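Summary of structural features
The primary structure of each chain is shown beneath.
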Amino acid sequence: YLSHHNRHEVSSYEFVETAACRHLVYNRELDEISRLEREGEILVIRPSQRIEISRTERRPERIEQMYRLGREDALKALSDIKEFMGASGKRKGDL
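Bringing the side chain of R62 into the picture now. Mapped onto the elements, R62 comes out in helix α2 (residues 60-76). If we ignore the near neighbours within four places in the chain, the residues touching R62 are I51, E52, I53 and E57.

This is the structure in structure tokens:
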């Protein structure tokens, strides 16, 4: 039986443990993305240029800048996307 106070402590502990391992999980995920991309299972579209922006950015002009970059990069990658998806929009092995 945990009191309300103890439940909060357990939750805080789990948060700290999760946060402490976050970089390991992130790096594993990057490795998995790289593997899947090499094997042709996924198509990765990355920003063509680095723009310093916070995950909690609030300035509309910075958010607009990232949006425009993402849109431009996606349009440039459109032929690769179509090729990856195939003419029918389905990959080999899809039902």
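Additional details are given in the paragraphs that follow.
Averaged over all residues, the pLDDT of the protein chain is 85; the fraction at 70 or higher stands at 80%. Least confident of the elements in the protein chain is helix α1 (residues 4-38), whose mean pLDDT is 84; most confident is α2, at 95.

What follows concerns the side chain of D73. Along the polypeptide, D73 turns up in helix α2. K76 is the oppositely charged side chain nearest to the buried, salt-bridge-free D73, at an N-O distance of 4.6 Å. A distance of 2.8 Å separates the side chain of D73 from the backbone nitrogen of S48, its partner in a polar contact. Setting aside residues no more than four positions away along its own chain, D73 makes contact with I45, R46, P47 and S48.

It is worth spelling out the pattern of salt bridges at this point. If you walk through the whole model with that rule in mind, you get six salt bridges. Across the salt bridge formed by R68 and E64, the nearest N and O atoms sit 2.9 Å from each other. Separated by four residues within a single helix, R68 and E64 lie in helix α2, roughly one turn from each other. When its relative accessible area of 49% is taken as the criterion, R68 is described as partly exposed. A single salt-bridge network, built from bridges that share partners, covers E32, R35 and E39.

Cut-off values and rules
- Residues numbered from 1 in each chain as written.
- Predicted model: local features only at pLDDT ≥ 70, side-chain atom pairs only at ≥ 80, totals over all residues.
- Heavy atoms only, no water.
- Helix = DSSP H or I, 4+ residues; strand = E, 2+ residues; numbered from the N terminus.
- Contact = heavy atoms within 4.5 Å.
- pLDDT = per-residue confidence, 0-100.
- Buried < 20%, exposed > 50% of the residue type's maximum accessible area, 1.4 Å probe, protein only.
- Lys, Arg positive; Asp, Glu negative; His and termini not counted.
- Salt bridge = Lys/Arg side-chain N within 4 Å of Asp/Glu carboxyl O.
- Polar contact = N/O pair within 3.5 Å; in protein donor to acceptor, adjacent residues only side chain to side chain.

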